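# Working through the structure, step by step
Here are the chains, one letter per residue:
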Amino acid sequence: MRGVVVAGTASGVGKTVTTLAVCRALEREGYEVQPAKAGPDFIDPSHHAAIVGKPSRTLDPWLEGDDGMRRTYARGEGDICVVEGMMGLYDGDTSTARVAALLDLPVVLVADARAGMQSVAATAYGFRTYADRMGIDADVAGVIASRAHGGRHAEGIRDALPEELPYLGRIPPSDDLEIPERHLGLHLGDEAPLSDEALDAAADGIRADALAEVAREPDWDAEEVESGTRAEPVQATDSDCPTVAVARDEAFCFVYPSTLERLESLGTVSYFSPVAGDDLPDCDGVYLSGGYPERFAADLASSPTLSALADRAADGLPVFGECGGLMALTESLTTTDGDTHEMAGILPADVTMQERYQALDHVELRATDGTLTADAGETLRGHEFHYSSADPATDARFAFDVERGSGIDGREGLTEYRTLGTYAHVHPESGAFDRFVSRLTD
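Residues numbered from 1 in each chain as written. Predicted model: local features only at pLDDT ≥ 70, side-chain atom pairs only at ≥ 80, totals over all residues. Heavy atoms only, no water.

Put simply, the rule is: UniProt positions are given in the numbering used here, feature names are shortened, and annotations may be inferred rather than shown by experiment.
In the annotation of an unreviewed UniProt entry, the chain is listed under the name Cobyrinate a,c-diamide synthase and assigned to Haloferax lucentense. The UniProt entry for the chain carries the following text under Cofactor (unreviewed entry): "Mg(2+)".

### Points about the overall build of the chain
Heads up, the condition is: Note on conventions: DSSP H or I runs of at least 4 residues are helices, E runs of at least 2 residues are strands, and numbering of each starts at the N terminus. Values of the radius of gyration come from C-alpha atoms, whereas the globule rule sets the reference at 2.2 Å times the count of residues to the power 0.38. Under the scheme applied here, a residue whose accessible area is under 20% of the maximum for its type counts as buried, over 50% as exposed, and between as partly exposed, the area being computed with a 1.4 Å probe on protein chains only. Any two residues whose heavy atoms approach within 4.5 Å at even a single point are treated as in contact. The Shrake-Rupley method, run with a 1.4 Å probe sphere, supplies the accessible areas, and residue values consider only the shown protein chains as cover.
Helix and strand counts for the chain come out as 15 helices and 23 strands. Over its C-alpha trace the chain gives a radius of gyration of 22 Å, about what one expects of a compact globule, namely 22 Å for 442 residues. Principal-axis analysis of the C-alpha atoms places the extent of the chain at approximately 70 × 50 × 40 Å. Counting only residues that meet the buried cut, the chain has 59% of its 442 residues in that class. Contacts spanning at least 24 positions in sequence make up 73% of the contacts within the chain whose residues lie at least 6 apart. Counting every atom, the chain has about 17400 Å² of accessible surface; 41% of that belongs to carbon and sulfur.

### Some points on the domain arrangement of the chain
Interfaces are often sized by the accessible area lost when the parts come together. For clarity, the cut-off: Segmentation of the chain into domains, including their bounds, is taken from an automatic or database domain assignment. Accessible surface is computed with a 1.4 Å probe, and the buried area is the amount of it that two parts give up when combined, taken over both parts together. A pair is scored as a salt bridge if a Lys or Arg side-chain nitrogen falls within 4 Å of a carboxyl oxygen belonging to Asp or Glu.
Taken domain by domain, the chain holds domain 1 (2-225) and domain 2 (230-439). The gap between the C-alpha centroids of domain 1 and domain 2 is 32 Å. Roughly 2300 Å² is buried in total at the junction of domain 1 and domain 2, and carbon and sulfur atoms are behind 60% of that figure. Looking at the side of domain 1 facing domain 2, the largest losses of area belong to F42, W62 and L184, adding up to 37% of the total buried there. Linking domain 1 to domain 2 there are four salt bridges.

### Topic: the sheet that holds strand β15 (residues 340-342)
Heads up, the rule is: Should DSSP find at least two bridges between two strands, the strands are regarded as paired. Axis lines are fitted through C-alpha atoms, for helices just across the contact stretch, and the angle between N-to-C directions can take any value from 0 to 180 degrees.
Overall, mixed pairing links the four strands, which are arranged β15-β14-β16-β19 in an open sheet. Looking along the sheet, the strands with just one partner apiece sit at the ends: β15 and β19 (388-392). Put simply, the sheet's adjacent strands are angled 20° from each other on average, direction ignored. In the sheet, strand β16 (residues 347-353) pairs with β19 via five bridges, with the strands oriented antiparallel. Counted as the bridge partner of A349 is P392 from β19.

### Points about a negative patch on the surface
Our working rule: In this analysis, a patch consists of residues with relative accessible area above 30% that form no salt bridge, clustered at 9 Å for like charges and at 5 Å for the nonpolar side chains Val, Leu, Ile, Met, Phe, Trp and Tyr. Charge assignment: positive for Lys and Arg, negative for Asp and Glu; neither His nor the chain ends contribute. Positions of charges follow a simple convention, taking NZ of Lys, CZ of Arg, CG of Asp or CD of Glu.
Taken together, the side chains of E331, E342, D350, D391 and D409 define an acidic patch exposed on the protein surface. In this fold, D350 is placed in strand β16.

### Remarks on the packing of aromatic side chains
Put simply, the rule is: Here a pair means two rings of Phe, Tyr or Trp (six-membered ring of Trp) with centres within 6.5 Å. Their orientation is stacked below 30 degrees between planes, edge-to-face above 60, and tilted elsewhere. In this scheme, the term charge over a ring applies when either NZ of a lysine or CZ of an arginine sits within 6 Å of the ring centre and within 35 degrees of the ring normal.
For the structure on display, the rule yields 13 aromatic pairs. When the ring of F385 is compared with that of Y387, the centres are 6.1 Å apart and the planes differ by 45°; the resulting orientation is tilted. Of the residues examined, Y387 reaches a relative accessible area of 16% and is grouped as buried. Three or more aromatic residues link up through ring pairs in this structure, and these residues are F42, F254, Y256 and Y292. In this structure, R356 packs its charged tip against the face of Y357, placed 4.7 Å from the ring centre.

### Some remarks on the side chain of S388
Rules: Here a polar contact means two N or O atoms within 3.5 Å. Within protein one must be a hydrogen donor candidate and the other an acceptor candidate, and residues neighboring in sequence count only if both atoms are side-chain atoms.
Checked against the element boundaries, S388 lands in strand β19. Among the polar contacts listed, one links the side chain of S388 to the side chain of Y423, at a separation of 2.6 Å. When neighbours within four sequence positions are excluded, S388 is seen to be in contact with M327, V351, T352, M353, Q354, Q358 and Y423.

### Focus on the packing of helix α4 (residues 66-74) against helix α5 (residues 96-103)
How we decide: Any angle that is under 35 degrees is reported as roughly parallel, and any over 145 degrees as roughly antiparallel; angles of 65 to 115 degrees are reported as roughly perpendicular and all others as oblique. For this classification, Asp, Glu, Lys and Arg are treated as charged, while Ala, Val, Leu, Ile, Met, Phe, Trp, Tyr, Cys and Pro are nonpolar and the rest, including Gly, are polar.
Closest axis-to-axis distance for the α4/α5 pair is 10 Å, and the angle between their directions is 75°. Judged by the inter-axis angle, α4 sits roughly perpendicular to α5. Every residue of α5 that contacts α4 at D66, M69, R70 and Y73 is listed here: R98, V99, L102 and L103. Counted by class, the contact of α4 with α5 contains five nonpolar, no polar and three charged residues.

### Thoughts on the environment of L102
Summarising the element assignment, L102 is placed in helix α5. Taking the C-alpha atoms as reference points, L102 and R418, 316 residues apart in sequence, are found 38 Å from one another.

Below is the structure:
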């Protein structure tokens, strides 16, 4: 599958809107598009899925390893994969430039053109040549001008670009192309989708055929990287097939598509909504993903689902919660308005929402004892980004030491009964979900 990385000169230049416009423009030309996101984000991919109608792949070498990231890419389906970058092209330890280089994909640079013409070209040329200084094989192969007017403005940018940096279009300045934000990032795609009219107008400015020519097939062997997978491809059978109950609603909406795919290959997945008060399905284990439990704390507090989950957890049912899932498994959740709501009460901690984020980093955890997602001594890599703080009981038990990241007071993985809650999100390429499902039949 050919691919291209849509990267920005900095955060806030309009990468997400540009990515959506590129996807729409390519689809209108008859290409089947596979969306993807560099980095551990859940929110931008929700916008991709709302526009393209298929899950967006998560591409992060820290979470998945280099070959694991390539496997995730190769498992996508389409003619062209459009990968939205993170932050500025060269920013961060696992930068968009590094992702592009590891995947052997060209970069289309999004440059904010609100107050420039020839300077936009100079900026883009600098980004192209800076790759050599950084020692990263990042191929900046084209430019899209964000928030650029038509006519002389667009023509000035196009004419100023050198031949090796083709002008691939523009995104017009428009209030209709602004996506509202909240803590953790933008509103989700199904909450604040761009209108078809606004997106079509943005897509009109993209030179889709020229962009499709820039996209290329990676020069690595998909079958070879698949053969080296840590999480071996499997398909569950009816015999001895564990059932995993997976929470899916507005409060539990941060989950990698690869995670659901992996769980469905390892067993039977039964979805339920704690916010709606669904009965806990008959299952061998429960997975609570991240999301926004703080927005639905009152609904969760009154939901019979959490009470049923607490009873089953006390009886030994394995339960794994990540970030928002961890929060729902604790004793209480206090919002920024000062309202305190009872949660499931399985894990001995109280959680309080803060005005500023409390952690934002890739993390590395080492299991102190065997737990649901790792054997003793095993390391897991993940990502944490949360606005809440957890106050654990003095006798609380933890499953992991934190070798990188914040966790909970330098530790991670609150555990009680056979329940595990972490602030860290992990990817199935880590093997964590294989380990979790294997524990269900122990």
